[in-house]
Amino acid sequence: MAALRAPLCALLCLALAAAARAKPSPVKVLSDGMWRELLQDEWMVEFYAPWCPACENLQPEWEKFAEWGEDLGVNVAKVDVTEQPGLSGRFIITALPTIYHCKDGEFRRYQGARTKAAFINFISDEEWKSIEPVSSWFGPSSFLMSSMSALFKLSMWIRHGHGYLTENLGIPVWGSYAVFGLATLFLGMVLGLMMVFLADCICPSKRHRPPQLQSQPRKQGPESAHLLKNRYEEQEADEGDISDDETERKEGSKRDSSPSGVRQRPVPSAAPLEKS
């Protein structure tokens, strides 16, 4: 019996260890496509990397805190920045591990102690209210952070592409750099041509402007046409009055300058001679 106890204890320990490993972790794993879930409810999110020693030390405390998540009404999650560069770009992760508190679309960076008790007190005592939330300009849902997320994804894609060219295809490192350099120049040239084409279509120059567009008369409504007609008639009437006045002046000047119109001084007749 004593000889059988040792193997039975070993088997029991192995079974308990396997059961513990098979138990699902209460910590949720987030990806780039799930980040909008952070805009609802309350979350505590840890950003980590597998090679980070400080992140490894935090994992046991984070797992224990996640077990209290259901009682506290908070979702406990983690993000691997090496696998999810988009989320890392949205939150501008510059140090590891980094913890964020998210509630109803407001994001606050946790900077307290990294223990289970500190995490529980942070949620239960609502200590997060004393922390200023991240500005909306730099929030994960802003246009700026969306652009940063796209840039982080692009950098990850370039790194994977560089690894594929050098490791799988056997291209030297300088050859991979040359390929990416030529691709960058080609894309820049294409984008530049597209911008010039769009600018020319939106704001064409005067030289290339169609002539019919310049000579095409504007369509006028009935009211504007009636007003123009009245103005034209008034102008004709004014021109007619001016022409009549000029005609009368010319006739008067002709009369004054004609010889028949010149007044002749009367010549007195000679006195009759008296007879001597």
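In what follows, the structure referred to is the one given above.
These figures come from a predicted structure and were not determined experimentally. (Residues numbered from 1 in each chain as written. Predicted model: local features only at pLDDT ≥ 70, side-chain atom pairs only at ≥ 80, totals over all residues. Heavy atoms only, no water.)

Caption draft 1: Layout of the packing of aromatic side chains. Applying the stated criterion across every chain, the model contains 9 aromatic pairs. A centroid spacing of 5.1 Å and a plane angle of 85° characterise the contact between Trp62 and Phe119, whose relative ring orientation is edge-to-face. Placement of Trp62 in helix α2 (residues 53-67) and of Phe119 in helix α5 (residues 116-124) is noted, with a sequence separation of 57 residues between them. Comparing Trp62 with Phe119, the two get one shared label, buried. (Phe/Tyr/Trp six-rings, centres within 6.5 Å; stacked < 30°, edge-to-face > 60°. Helix = DSSP H or I, 4+ residues; strand = E, 2+ residues; numbered from the N terminus. Buried < 20%, exposed > 50% of the residue type's maximum accessible area, 1.4 Å probe, protein only.)

Caption draft 2: Spotlight on the environment of Trp157. Tracing the sequence through the fold places Trp157 in helix α6 (residues 143-168). Note: C-alpha distance between Trp157 and Pro85 (72 residues apart in sequence) is 9.8 Å.

Caption draft 3: How the structure looks around the pairing of strand β3 (residues 75-80). Buried residues dominate β3, accounting for 6 of its 6 residues. The side-chain alternation of β3 yields two buried faces, one formed by Asn75, Ala77 and Val79 and the other by Val76, Lys78 and Asp80. Note that strand β1 (residues 28-29) and β3 share 2 bridges and pair parallel. Residue pairing across strands places Lys28 opposite Ala77, the latter belonging to β3. Direction of pairing for strand β2 (residues 42-48) relative to β3: parallel, over a ladder of 6 bridges. Residue pairing across strands places Glu46 opposite Lys78, the latter belonging to β3. (Pairing = 2+ DSSP bridges.)

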